[in-house]
Amino acid sequence: MSASGGTRAIVAALGANLAIAASKFVAFAFSGSSSMLAEGVHSLADSGNQFLLLIGGKKAQREATPQHPFGYGRERYIYAFLVSIVLFSVGGMFAIYEGYEKISHPHEVEHWYWPVGVLLFAIIAEGFSFKTAIKESNELRGKLSWSQFIRRAKAPELPVVLLEDFGALIGLVLALLGVGLALLTGDGVWDGIGTVCIGVLLVLIALVLAAETKSLLLGEAAGVEEVKKIEAAIIDGDTVTRIIHMRTLHLGPEELLVAAKIAVRHDNTAAEVAGAIDAAEARIRTAVPIARVIYLEPDIYSEAEAAKGPDPEATPGGPTPHPAGH
């Protein structure tokens, strides 16, 4: 997944959220609407989240060091996880608390045209940001559904922005409903109910983001299609006859580690094996360019060992099932 597309989506979301946050706080100051205050904090938290994603992307570009020989690609996962924490604590929990206070101590919404006008402006601005995120994501997701794209994407930026913008649009509609019902009924409790609903929505989105980024932090294998390409690239049918077992791991969104034990013919010379390994590595990098760290270990395939089962420790010659992908 290209980092440039994620950066464009982040910048679009950042600009929209800063403008929206300012307008919401102005509307809250004039109207006293708790939905406006919650939405203002939500937009401010989202702006901070986009700053975190940009910082993570910048830090991930650092060169590898002796202490971190595989580089800093996972910085992007760490900062995406921080986004979920900020969204949960600052956005969701604050909104729930503010809504509870408004329900407990309701007061009439004043100067209704301020919150209504700001919400309509915010829906337009968030719609622009969401449209940008969708456009950038469509270039990468292929035939995947949106849920599959969010679950399987190795680069966290676009899924984060997509979920944030989606949650923001739903939250704006909820805020508009809350303010509208409060105006129609003259009961400020509806404003508080709308605020609680916004908070619950943000908490749910934060939990989804936390679960997905946690999986990335733990380390995910390459996708099914990438695994197939790597397997096809390794075997040449001459010196390398099969893959005994293989492991892949994302060191970052755009860097993949490949480690495999490969079967070679028992009568091959060391020079022939070394040449076959070099050629296999070149084919892997051509087939899957993000496969930048490759370790291939030659071995002699054993039918007897393979028949014992798939446990790679008990059966060095046994096959390992392919990952299902995330």
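The following paragraphs examine the structure supplied in this document. (Residues numbered from 1 in each chain as written. Predicted model: local features only at pLDDT ≥ 70, side-chain atom pairs only at ≥ 80, totals over all residues. Heavy atoms only, no water.)

In this model helix α2 (residues 34-59) runs 37 Å from its N-terminal to its C-terminal C-alpha over 26 residues, within 8% of the 38 Å that 1.5 Å per residue would give. The buried count for α2 comes to 19 of 26 residues, which makes it a mostly enclosed element. (Helix = DSSP H or I, 4+ residues; strand = E, 2+ residues; numbered from the N terminus. Expected span 1.5 Å × (residues − 1). Buried < 20%, exposed > 50% of the residue type's maximum accessible area, 1.4 Å probe, protein only.)

This part takes up the sheet that holds strand β1 (residues 240-252). Backbone-to-backbone hydrogen bonds join strands into a sheet, with any given pair of strands oriented parallel or antiparallel. Strand order in the open sheet made by the three strands is β1-β2-β3, with mixed pairing throughout. The open sheet has two edge strands, β1 and β3 (291-299), and neither has a second partner. Each neighbouring strand pair of the sheet contributes to a mean axis angle of 15°, computed without reference to strand direction. Two elements, β1 and strand β2 (residues 255-264), share ten bridges in a ladder whose sense is antiparallel. Across the sheet, the residue bridging to R242 is A263, located in β2. (Pairing = 2+ DSSP bridges. Axes fitted to C-alpha atoms, helices over the stretch in contact; angles between N-to-C directions.)

Glancing now at the environment of I103. Along the chain, the position of I103 falls in helix α3 (residues 75-104). Sequence-wise, I103 and T195 are 92 residues apart; in three dimensions their C-alpha atoms are separated by 9.4 Å. In this view, I103 contacts V189, G192, I193 and V196; residues no more than four positions away in its chain are not counted. (Contact = heavy atoms within 4.5 Å.)

All chains considered together, the criterion is met by eight salt bridges. Among the ionic pairs, R62 bridges to E75, the shortest N-O distance being 2.3 Å. Of this pair, R62 sits in the loop between α2 and α3 while E75 sits in helix α3; the two residues are 13 residues apart in sequence, bridging distant segments of the chain. Taking relative accessible area as the criterion, R62 reaches 39% and is therefore assigned partly exposed. The partner of K154 in a salt bridge is E220, and the shortest N-O contact between them spans 2.5 Å. Residue K154 is located in the loop between α5 (146-152) and α6 (157-185), and its partner E220 is located in the loop between α7 (189-218) and α8 (224-234); the two are separated by 66 residues in the primary sequence. Take K154 and E220: they sit in the same class, and that class is buried. Taken together, the shared-partner salt bridges connect R76, E157 and E254 into one network. (Salt bridge = Lys/Arg side-chain N within 4 Å of Asp/Glu carboxyl O.)

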